[in-house]
Every structure is written in C-alpha cells, then in structure tokens.
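# Tertiary structure, described
Listed here are the chains, written in short residue letters.
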Amino acid sequence: MKRIAVLISGGGSNLQALIDATSSGALPAKIVLVVSNRADAFGIERARRAGIAALTLPLKPWLKAGGTRESYDADVAAQVAAARPDLVVLAGWMHVFSPAFLDRIAAKVINLHPALPRQFPGTHAIERALEAHKHGEIAETGVMVHEVIPEVDAGPVLGTARIAIAPGDNLASLSEKIHAAEHRLLVDVIRELVTEPH
Ligand code: GRF
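A brief look at the structure comes next. (Residues numbered from 1 in each chain as written. Predicted model: local features only at pLDDT ≥ 70, side-chain atom pairs only at ≥ 80, totals over all residues. Heavy atoms only, no water.)

Interhelical geometry of helix H6 (residues 125-134) versus helix H7 (residues 171-195) gives an angle of 120° and a closest axis separation of 10 Å. It follows from the interaxial angle that H6 and H7 lie oblique. The interaxial crossing formed by H6 with H7 has right-handed handedness. Facing H6, whose interface residues are Ile126, Glu127 and Leu130, H7 presents Leu171, Leu174, Ser175, Ile178 and His179. Classifying every residue of the contact of H6 with H7 by side-chain character gives 5 nonpolar, 2 polar and 1 charged. (Axes fitted to C-alpha atoms, helices over the stretch in contact; angles between N-to-C directions. Helix = DSSP H or I, 4+ residues; strand = E, 2+ residues; numbered from the N terminus. Parallel < 35°, antiparallel > 145°, perpendicular 65-115°, else oblique. Left-handed = near helix turned anticlockwise from the far one by under 90°. Contact = heavy atoms within 4.5 Å. Nonpolar A, V, L, I, M, F, W, Y, C, P; charged D, E, K, R; others polar.)

On to the pairing of strand E1 (residues 2-8), then. A large share of E1 lies buried, amounting to 5 of its 7 residues. Pairing of E1 with strand E2 (residues 29-36) involves 7 bridges; the strand directions are parallel. Pairing of Lys2 across the sheet is with Ala29, part of E2. At this point the chain moves from E1, through helix H1 (residues 13-24), to the parallel E2, and the crossover so formed is right-handed. Pairing analysis gives 4 bridges linking E1 to strand E4 (residues 87-90), with the strands arranged parallel. By the bridge assignment, Leu7 is partnered in E4 with Leu90. (Buried < 20%, exposed > 50% of the residue type's maximum accessible area, 1.4 Å probe, protein only. Pairing = 2+ DSSP bridges. Right-handed = clockwise from strand over helix to strand, strands pointing away.)

What follows deals with the site of the ligand. Contacts to the ligand come from Gly10, Gly11, Gly12, Ser13, Asn14, Gly92, Met94, Leu112, Pro114, His179 and Glu182. In the model, an oxygen atom of the ligand is placed 2.8 Å from a nitrogen or oxygen of the Gly12 main chain. Protein chains shield 84% of the accessible area of the ligand, which is 370 Å² for the free molecule. If you list the elements that add at least two residues to the shell around the ligand, you get H1 and H7. Looking at side-chain class alone, the shell around the ligand contains 3 nonpolar, 7 polar and 1 charged residues. (Near = heavy atom within 4 Å. Polar contact = N/O pair within 3.5 Å; in protein donor to acceptor, adjacent residues only side chain to side chain. Areas by Shrake-Rupley, 256 points an atom, 1.4 Å probe, with all protein chains shown as cover.)

Next up on the list: the packing of aromatic side chains. Each pair of aromatic rings is reported with the distance of its centres and the angle of its planes. In total, this model carries 3 aromatic pairs according to the counting rule given. Relative to Tyr72, the ring of Trp62 lies with its centre 6.3 Å away and its plane at 70°, an arrangement referred to as edge-to-face. Here Trp62, found in helix H3 (residues 59-64), pairs with Tyr72, found in helix H4 (residues 69-81); they are 10 residues apart in sequence, far enough to count as distant. Look at Tyr72 and you get buried, because its relative accessible area is 2%. Between Trp93 and Phe97, the aromatic rings sit 5.2 Å apart at their centres with planes inclined by 20°, giving stacked as the arrangement. With relative accessibility at 8%, the residue Phe97 sits in the buried group. Put simply, the rings of Trp93, Phe97 and Phe101 pair up and form one aromatic cluster. (Phe/Tyr/Trp six-rings, centres within 6.5 Å; stacked < 30°, edge-to-face > 60°.)

Let us look at the environment of Asp103. Within the secondary structure layout, Asp103 lies in the loop between helix H5 (99-102) and strand E5 (108-113). Once the C-alpha coordinates of Asp103 and Gly136 are considered, the two residues, 33 residues apart in sequence, prove to be 41 Å apart.

What follows covers the pattern of salt bridges. For the coordinates displayed, the defined rule picks out 7 salt bridges. Across the pair Glu140 and Arg162 runs a salt bridge whose closest N-O atoms are separated by 2.5 Å. Placement of the pair is Glu140 in strand E6 (residues 140-147) and Arg162 in strand E7 (residues 157-164), with a sequence separation of 22 residues. According to the relative accessible area criterion, Glu140 is partly exposed, its value standing at 27%. The exposure class of Arg162 is exposed, given its relative accessible area of 56%. A salt bridge links Asp188 to Arg191; its shortest N-O distance comes to 3.1 Å. Highlighted residues: Asp188 and Arg191, both in helix H7, separated by 3 residues, approximately one helical turn. On the accessibility criterion, Asp188 (37% relative accessible area) is partly exposed. (Salt bridge = Lys/Arg side-chain N within 4 Å of Asp/Glu carboxyl O.)

Shape is all these values report; function is a separate question.
As structure tokens, this is what we get:
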C-alpha cells in the first residue's frame, strides 16, 4: 500500500476527499501523515477524526526562535521524510518551499492549484480568473495537479480539469465549482500515481 503525506494550511476539503477515497478503497493508498503550517487549520481536525498522525509546524515561532526559512523547510522535510511517504501531496499548503525542502524529500511531491497551467500562478487564482473573465479575457478556468519544482506552480502537469465560467458566476459559485473539480482531480491523479506499473 503506497504511503501518502498530505500538507495543508486551511480547511482541508481536499484532504477530506483523500481521507474518504482511501477509507472507501477508491484510492488504494494510506495517508500516513498530515502536516499543517497553521495551528488553526480545520484540516488538522479532519486528520484527528480519521485517526491520522498530524503535525502542526508554524513558520513564525521557528523564525522567532532564530531559525531561517531554509532551516524551517529542512525541518519540515525531515519530519515528512520520517513518515516514509511514497508521495507527498501539497493540498492547500500556502507556503512556498525553498529547495531546502525538495532536496531532502526522495518521494515525488505534487501540488494542487486552482487554475490551469501557466494561467494564474500564486495566490488568489480564483479571484484573478473571475476578474479576467469579467474583462472578456477568458471563457473558462480550471484546476491542475503538477509536480513541484522550485518555481511556483510550474512543474510538469499531471492532470487538469477545465471549468466554464458562467456569466452569473461570482467568487462563491466559481469557488464551489473549482473545489468540487479539485476533489475529483486530486483523487484521480493520485490513483494513477500509486497504481502505475513500476
Ligand atoms: C484549494 O483551492 C487549493 O488548490 C488551494 O487552497 C485551497 C485549499 O482548500 N491551494 P482546502 O484546504 O483543501 O479546502
């Protein structure tokens, strides 16, 4: 059974999709660790309810204690690596890793991003897509899962889902469509990764 570590920063609805898929058997893998960089992330509660080991590793106290972003990234990597994951999933992880993290993780690291490749890298992607639609620049947006490389939201794309933006869409209605598509795409991409022939 492949071992998955999931990194989050917020509500964890994508983590919940993975928890549901692994417990129903739809996704033949085991979530062995959840890491959050925010103590108040509801995703930590989701992990607790599912009996999954969870770590809260906030950056600010690390820096206050004299650490650096690089040493923080290295520490997060060490704690993730200790769980011996075959795959590391950034699902709403809102901290840009320096190479100090990637250099220490042997497993593939993938990221979920609420936009299509090369469209809206970085934060507030959904709002930016809505704005671009209002200006007639795009008719659709989407979501993608990609391999993590040092450049933000730019690694090899593993899967995408396109989402039409309706004229009456607002941030709430578009976000709802985006998140529903994310929950499906993330499970589908990971299923391929954990069951692909060696
Ligand atoms: C998702 O839209 C993800 O793509 C983005 O942050 C959101 C996290 O949502 N990076 P959740 O915490 O999984 O509900």
